[in-house]
Amino acid sequence: MLERLLDLRGTELGLDTYLDDFESCFWRVTESWKLERQQTFSEPEVPSWMAMAEGDWATALRLAEDMRPSIKGLQQRLDDHGITQNRVRIVEWPLSPYLWWELHVLRIRAEEGERIRVLDAAAVRPLEEARELPEALVLGGRVAYVIRYDGVGVLDGARKLTDAQTIAACHEEIAALHRQGEDLLSFFPREVARLSPPVV
């Protein structure tokens, strides 16, 4: 199903509409499942990302750590609502500058309670004969989003899918990839912590 998501009909949502729709759905579920496939995104609203994009890695990592209190606060709110976040992060080598940075941020998220697992891109290549898998997010059994980005990797909106069978299939397939992956907290110290920052 994941390889067919881009071909399925759904409701196209602009950025603001998507963010509002996501917020209204998210707090009504008990779990979310996210598939991250792209290796580079742009997050100009995030100071740590901005420092990374300028090649200031020391500042980027310091500002990433400064995000911990807000991440911790969000995780506490999730725990209070009984919501579990699950994420599969597909990784290609060598790591892109973005991914090197994001894995440091995801490590903080994992340390605070998000269930993040890492999977080598080779594991999904059999599903990518025609094109790469899209970025996808499933919220319980309520909704699935095919997340859309613009040409430079800035979040641009999403396609909303509400067919129950489609949502169930996406959930099952992302969960299977999650089981196949390695816990970020064992992957990171072995594969990422030893690496020097890449050249931007």
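The structure this text deals with has already been given above.
Remember, predicted model here, so these are calculated numbers, not experimental data.

Enquirer: Describe the overall build of the protein, naming the residues involved and giving the relevant values.
Expert: Counting its secondary structure elements, the protein contains 7 helices and 8 strands. Here the C-alpha radius of gyration of the protein, 16 Å, is about what a compact globule of 200 residues would show, namely 16 Å. When its C-alpha atoms are laid out on the principal axes, the protein stretches across 45 × 40 × 30 Å. Counting over 200 residues, the protein shows a buried share of 47%. Expressed as a percentage of contacts within the protein between residues at least 6 apart in sequence, the contacts between residues at least 24 apart total 80%. Accessible surface computed for the protein: about 9,900 Å², of which carbon and sulfur atoms make up 51%. Across the protein, the 24 positively charged side chains and the 35 negatively charged ones have centroids separated by 3 Å.

Enquirer: Account for helix H5 (residues 97-112), naming residues and giving values.
Expert: Helix length check: H5, at 16 residues, gives a terminal C-alpha distance of 24 Å against a target of 22 Å (1.5 Å per residue), a fit within 8%. Judged by how many residues are buried, H5 sits mostly within the fold: 12 of 16 residues are covered. If you check which residues of H5 are buried, you get Tyr98, Leu99, Trp100, Trp101, Glu102, Leu103, His104, Val105, Leu106, Ile108, Ala110 and Glu112.

Enquirer: Could you give an account of the pattern of salt bridges, naming the residues involved and the relevant values?
Expert: Under the definition given, this model contains 23 salt bridges. Note that arginine 37 and glutamate 132 form a salt bridge whose closest N and O atoms lie 3.8 Å from each other. Linking arginine 37 in the loop between strand S2 (31-36) and helix H2 (47-53) with glutamate 132 in the loop between strand S4 (115-120) and strand S5 (135-139), this pair joins segments that are 95 residues apart in sequence. In this structure arginine 37 comes out as buried when scored by relative accessible area, which is 1%. Arginine 190 is the partner of glutamate 182 in a salt bridge, and the nearest nitrogen-oxygen pair spans 2.8 Å. Residue glutamate 182 is classed as partly exposed on the basis of its relative accessible area of 25%. One connected set of salt bridges, linked through shared partners, spans Glu36, Arg87, Arg89, Glu102, Arg109 and Glu114.

Enquirer: Give a description of the pairing of S4 that names residues and reports values.
Expert: Taken together, the 6 bridges between strand S3 (residues 84-91) and S4 define a ladder with parallel strand orientation. Looking at the pairing, arginine 87 lines up with isoleucine 116 of S4. Each parallel crossover has a hand, and for S3 linked through H5 to S4 it is right-handed. Across 2 bridges, S4 lies against strand S8 (residues 182-183) in antiparallel orientation. Within S8, the position partnered with valine 118 by the bridge is glutamate 182.

Enquirer: Residues and numbers for the side chain of arginine 68, please.
Expert: Mapped onto the fold, arginine 68 is located in helix H4 (residues 68-81). Here arginine 68 falls in the buried class, since its relative accessible area comes to 18%. Looking at arginine 68, its side chain comes within polar contact range of the side chain of glutamate 65, at 2.5 Å. What arginine 68 contacts, discounting residues up to four positions off in sequence, is Arg107, Ile108, Glu111 and Glu112.

Enquirer: Describe in detail unusual backbone geometry, supporting the description with residues and values.
Expert: The omega torsion across tryptophan 93 and proline 94 is -5°, close enough to zero to call that bond cis. Structurally, proline 94 can be placed in the loop between S3 and H5.

Enquirer: Pulling in residues and values, what's your account of the packing of H5 against helix H7 (residues 184-191)?
Expert: When two helices pack together, their arrangement is given by the angle between the helix axes and by the axis-to-axis distance. Taken N-terminus to C-terminus, the directions of H5 and H7 make an angle of 140°; their axes are 10 Å apart at the nearest point. In this structure, the crossing between H5 and H7 has a hand that is left-handed. Two secondary-structure elements touch here, H5 through Leu103, His104, Leu106, Arg107, Ala110 and Glu111 and H7 through Leu184, Leu185, Phe187 and Phe188. The residue inventory of the contact of H5 with H7, partitioned by class, reads 7 nonpolar, 1 polar and 2 charged.

Enquirer: Which residues make up the environment of arginine 179, and what values go with them?
Expert: Its place among the elements puts arginine 179 in helix H6 (residues 164-180). When the C-alpha positions of arginine 179 and proline 134 are compared, they lie 19 Å apart, and in sequence the two are 45 residues distant.

What counts and what doesn't
Residues numbered from 1 in each chain as written. Predicted model: local features only at pLDDT ≥ 70, side-chain atom pairs only at ≥ 80, totals over all residues. Heavy atoms only, no water. Helix = DSSP H or I, 4+ residues; strand = E, 2+ residues; numbered from the N terminus. Rg over C-alpha atoms; globule rule 2.2 N^0.38 Å. Buried < 20%, exposed > 50% of the residue type's maximum accessible area, 1.4 Å probe, protein only. Contact = heavy atoms within 4.5 Å. Areas by Shrake-Rupley, 256 points an atom, 1.4 Å probe, with all protein chains shown as cover. Lys, Arg positive; Asp, Glu negative; His and termini not counted. Charge placed at Lys NZ, Arg CZ, Asp CG, Glu CD. Expected span 1.5 Å × (residues − 1). Salt bridge = Lys/Arg side-chain N within 4 Å of Asp/Glu carboxyl O. Pairing = 2+ DSSP bridges. Right-handed = clockwise from strand over helix to strand, strands pointing away. Polar contact = N/O pair within 3.5 Å; in protein donor to acceptor, adjacent residues only side chain to side chain. Axes fitted to C-alpha atoms, helices over the stretch in contact; angles between N-to-C directions. Left-handed = near helix turned anticlockwise from the far one by under 90°. Nonpolar A, V, L, I, M, F, W, Y, C, P; charged D, E, K, R; others polar.

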